[in-house]
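Here are the chains, one letter per residue:
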Amino acid sequence: MLTPGRYVGSEEVEDNDEDFATKMQQLTEKLGEQMAKGAELDQLIRQKLGGLGYGF
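Definitions and limits used
- Residues numbered from 1 in each chain as written.
- Predicted model: local features only at pLDDT ≥ 70, side-chain atom pairs only at ≥ 80, totals over all residues.
- Heavy atoms only, no water.
- Helix = DSSP H or I, 4+ residues; strand = E, 2+ residues; numbered from the N terminus.
- Buried < 20%, exposed > 50% of the residue type's maximum accessible area, 1.4 Å probe, protein only.
- Areas by Shrake-Rupley, 256 points an atom, 1.4 Å probe, with all protein chains shown as cover.
- Patch = residues over 30% accessible without salt bridge, like charges linked within 9 Å, V, L, I, M, F, W, Y side chains within 5 Å.
- Salt bridge = Lys/Arg side-chain N within 4 Å of Asp/Glu carboxyl O.
- Expected span 1.5 Å × (residues − 1).
- Contact = heavy atoms within 4.5 Å.

1. Comments concerning the overall build of the chain
Point 1. Of regular secondary structure, the chain possesses two helices and zero strands.
Point 2. With 56 residues in all, the chain has 0% of them scored as buried.
Point 3. When the accessible area of the chain is evaluated, it comes to approximately 5600 Å², of which 56% is carbon and sulfur surface.

2. Description of a nonpolar patch on the surface
Point 1. Judged by side-chain polarity, F20, M24 and L27 come together as a nonpolar surface patch covering roughly 320 Å² of accessible area.
Point 2. On the secondary structure map, F20 appears in helix α2 (residues 20-51).
Point 3. A residue is classified by how much of its surface remains accessible, and F20, at 63% relative accessible area, is exposed.

3. Observations regarding α2
One turn of an α-helix holds 3.6 residues; hence residues three or four places apart share an orientation.
Point 1. The terminal C-alpha atoms of α2 lie 46 Å apart, and with 32 residues this matches the ideal 46 Å at 1.5 Å per residue to within 8%.
Point 2. Looking one or two residues past α2, G53 carries a phi angle of roughly 90°, positive in sign.

4. Considering the environment of F56
Point 1. Tracing the chain through its elements places F56 in the segment after α2.
Point 2. A sequence separation of 10 residues divides F56 from R46, and the C-alpha atoms of the two residues are 7.4 Å apart.
Point 3. Setting aside chain neighbours within four positions, we find F56 in contact with R46 and L49.

The values reported here are purely geometric and, on their own, carry no functional implication.
Printed below as a string of structure tokens:
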């Protein structure tokens, strides 16, 4: 038999009872924090490169 279902297993999906809106709120807050940290790091990189004479 050459049907893929026989050879490829499917993973069980973990079902949690967390509300979608709550989960999205948590994820967007985390993304906002990570984006802010990324902007801080970008600024630091620009400063360090500028100090080495490679400003842009």
